[in-house]
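Commentary on secondary and tertiary structure
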Amino acid sequence: MSQVPVVPEGVSQFEVFHVREGAFGGTGSGDTSGFGGLVELMHMPEASTRPFGGWFDEISDELELSLAAREVNAGDAIEKVVIAFDEITFFVRREYLLSVLSTLRDEPGLRFEFSTGVSGVHYPSDTNRELHAVYHLMSMTHNHRIRVEVVTADSDRHIPSSVSIYPTNDWHERETFDFFGIVFDGHPALTRIQMPDDWPGHPQRKDYPLGGIPIEYKGATIPPPDQRRAYNS
Amino acid sequence: MSTENITYTSSAAQPNDPYANFSDPAEGGRIFNVGGGDWDSITVDPESDSERIVVNMGPQHPSTHGVLRLILEIEGESVTEARCGIGYLHTGIEKNMEFRSFTQGVTYATRMDYLAPFFNETAYCLAIEKLLGITDQIPERANVIRVMMMELNRVSSHLVALATGGMELGALTAMEFGFRERELILDIFEMITGLRMNNAYIRPGGVAQDLPDNAVEKIREMIPLLRKRLKDTADLLVDNNIWMGRTVGIGYLDLTGCMALGITGPVLRATGYPHDLRKSQPYCGYENYEFDVVTENTNDAYGRFLIRIREMHQSLRIVEQTLDRLQPGPVMIADKKIAWPAQLSVGSDGQGNSLEHIREIMSESMEALIHHFKLVTEGFRVPAGQVYTAIEAPRGELGCHLVSSGGTRPFRVHFRDPSFTNLQAVAAMCEGGQIADVIAAVASIDPVMGGVDR
């Protein structure tokens, strides 16, 4: 009963999480409610266009000018800008990550001198852009926060390491490597940090099972959390 | 002795289990050895005269502040290289939260940094509320209660920092005092939430339940006693020659080092930089309270100790203001599609839903029953997108990166725990110092391994 949902009008770039079908988790039994026919497209907030509003414009202008002063074409480096939930995200192409980060850190008008770490996200349905590394930066000088996001394909899990620019990202990149398998090229010692050294697989990926065993209690068996019947999410 | 072969057969339930076909090595199965890396190059030639040895300290060691493993290369008593091994308390909290509803996730988040449960819960709930766009709809009383619980929690957390830090340096009276005073606060927590730790009290939309009738009175009674006892603890250590000898100038890290290594909290403020998210990026109404950001200019373990002592007094100052600000009102958001419907009460058969609520859903309101059923079994949906919220936890910036796919469960939760990041400073603080000073330096960072490993 798979139907291809209609792409919303005016939306150019967006990442589909998945297509939710039906309201309830159960399948296989007859659908008497009619809710099984629901189809909903789940996608991330789409790219924003100018004017962004507030200080977002100033930051974006400053970044573009500063990149130009460093002979980097902002259009090449920055794939898109997403503003959602009062937060700004710069999607940066990975070849330009280090020049963008050093610009963000060093330019007086930007001065994002503080990195609060790297976090990975695995979007299995975002074809050829499955793995995202998300950098959260803070400017203590100007009291702003921004997010820089880099995407890479699962088949080519390489992103340049930012440790030379933000030494604090050392352990954060190790953790992201450990949990998602993203290889941060140029990292001084990219080894596992949370899991044992000989652990197979990368546990936070969506294709890695949660694990667990069925529990029997008073004759009834409860399956592990990732295999229980649940509402569609 | 059994001669049966150990064989694990593949489980159909978990097709991706890499250990599924694991079998006994004697049968030619796969064997894992610890090796590779640069282990060969650091093996010391036994014939050499050098006193350089590699010492593995922890993870089971009374002075390493939890299950922290320190790998020290020492030359006599001097530490030439220090590295941390972590992961011994990794419990997969972030992964587990992806399989539970947003409200259930609080129960997991609270267990990360187990000395600061209210901070974990708040960071997580603020992220959910930001995605839902209901930050402004949180009732005033709920915000005041959140601030009150967090500041009491900051005191109890700093008390443990002093207690365990003191114990690790041999100041056992400080430990007795610290844990005794902490108990005063844990009693308050138990009275309000039912639990001493792992409270799961702060929930998306507000707090789990209102304060009991005598709570304000009890807290008001407790504060002067706590102030007096904090002074006793401070008197034990502040001008104590031995304590100063162990901490002054130890674990040195200046502002440049802190910024590069991402260090926040008391370690950063000990460099004289007054960075505090409660002031610079207020949340939960912190802009309404009067308090000072405590700083020191010593860059060392002693300065961090002084900051914790003085921050506890500032926290008590905030707690007093919250008690004055508490006005009667709801403690959960009015939106029935999000608000957890039930209040808890203790009946003859233990803790459960209050009788009024049961009467309402069972015999008075069909809508209330539907809402209760849907919220408890399914949860609420959160719009797709990602946010990052950060709060000032006792150890520094606690951030929550929350990604929602528009469903009833988080798509990905990542916590930027201050202990994790601050531990990176161990090498910078310890290398070149004495081996005994490693203990003082680590204690002054005050890492909580539950937060480091999550």
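Values in this document were obtained by computation on a predicted structure and should not be read as measured data. Every residue gets a number counted from 1 within its own chain, in the order that chain's sequence is written. Chain A is the first chain written and ligand 1 is the first ligand written, with later ones labelled in order. Confidence filtering applies because this is a predicted model: local features only for residues at pLDDT of at least 70, side-chain atom pairs given and counted only at 80 or more, and all residues used for totals across whole chains, interfaces and linings.

Turning next to helix 4 (residues 140-168) of chain B. Residues and elements named next belong to chain B. Under the DSSP-based scheme used, a helix requires at least four consecutive residues in state H or I and a strand at least two consecutive residues in state E, with every element numbered from the N terminus. Expected helix span is taken as 1.5 Å per residue step, with the number of steps being one fewer than the number of residues. The end-to-end C-alpha distance of helix 4 is 42 Å, a good match for the 42 Å that 29 residues give at a rise of 1.5 Å each. To assign burial, the other C-beta atoms lying within 10 Å of each residue's own C-beta are counted, with C-beta atoms placed from the backbone; 20 or more indicates buried, 12 or fewer indicates exposed, and intermediate counts indicate partly exposed. Within helix 4, 27 of the 29 residues are buried, leaving the element largely enclosed by the surrounding structure. A positive backbone phi angle near 95° is found at Gly170, which sits one or two residues after helix 4.

Time to look at the pairing of strand 4 (residues 87-92) of chain A. Residue and element names in this part refer to chain A. A pair of strands is treated as paired once DSSP finds two or more bridges between them. When strand 3 (residues 78-84) meets strand 4, the two strands line up antiparallel, connected through six bridges. Bridged to Val82 within strand 4 is Thr89. Adjacent in sequence and paired antiparallel, strand 3 and strand 4 are bridged by two residues, among which Phe85 carries a positive phi angle near 55°.

Residues and elements named next belong to chain B. The three strands are arranged 8-9-10 in an open sheet whose pairing can be described as antiparallel. Whereas interior strands pair on both sides, the edge strands pair on one side only; in this sheet they are strand 8 (385-393) and strand 10 (410-416). Pairs of neighbouring strands in the sheet enclose a mean axial angle of 15°, with direction left out of account. The pairing of strand 8 with strand 9 (residues 396-404) spans nine bridges and is classified as antiparallel. Among the inter-strand pairings, Val387 is bridged to a residue of strand 9, identified as Leu402. Interaxial angles span 0 to 180 degrees and are taken between N-to-C directions of axes, which are lines fitted to C-alpha atoms, for helices over the stretch in contact.

This part is about the environment of Glu175(A). Residue and element names in this part refer to chain A. Inspection of the secondary structure assignment puts Glu175 in helix 4 (residues 169-180). On the neighbour-count criterion, Glu175 (25 C-beta atoms within 10 Å) is buried. Sequence separation between Glu175 and Pro196 is 21 residues, and the spatial gap between their C-alpha atoms is 12 Å.

Residue and element names in this part refer to chain B. Viewed as axis vectors pointing N to C, helix 6 (residues 215-237) and helix 11 (residues 301-325) meet at an angle of 165°, and their least axial separation amounts to 11 Å. What the angle tells us is that helix 6 and helix 11 run roughly antiparallel. When you trace helix 6 past helix 11, the crossing you get is left-handed. Two secondary-structure elements touch here, helix 6 through Val216, Ile219, Arg220, Ile223, Leu226, Arg227, Leu230 and Ala234 and helix 11 through Ile309, Met312, His313, Leu316, Val319, Glu320 and Leu323. Any residue outside Ala, Val, Leu, Ile, Met, Phe, Trp, Tyr, Cys, Pro, Asp, Glu, Lys and Arg is labelled polar, Gly included; the first ten of those are nonpolar and the last four are charged. The class makeup of the residues in the contact of helix 6 with helix 11 is 11 nonpolar, one polar and three charged. Just so you know how the angles are binned, under 35 degrees is roughly parallel, over 145 roughly antiparallel, 65 to 115 roughly perpendicular, and the rest oblique. Two helices crossing with the near one rotated counterclockwise from the far one by less than a right angle form a left-handed crossing, whereas a clockwise rotation gives a right-handed crossing. Note that contacts rest on C-beta atoms placed from the backbone: two residues are in contact if these are within 7 Å.

It is worth spelling out the interface of chain B and chain A at this point. The partner chain A presents 43 residues to the 46 residues of chain B that form the contact. Contributing elements (two or more residues each) for the side of chain B that touches chain A: helix 1 (93-97), helix 3 (117-132), helix 8 (255-261), strand 8, strand 9, strand 10 and helix 14 (418-422) of chain B. Grouping the constituent residues of the side of chain B that touches chain A by class yields 16 nonpolar, 20 polar and 10 charged.

Residue and element names in this part refer to chain B. Among the seven residues that make up strand 10, seven are buried, leaving the element largely enclosed by the rest of the structure. Alignment of strand 9 against strand 10, held across six bridges, turns out to be antiparallel. In the sheet register, His401 faces strand 10, and the bridge partner there is His414.

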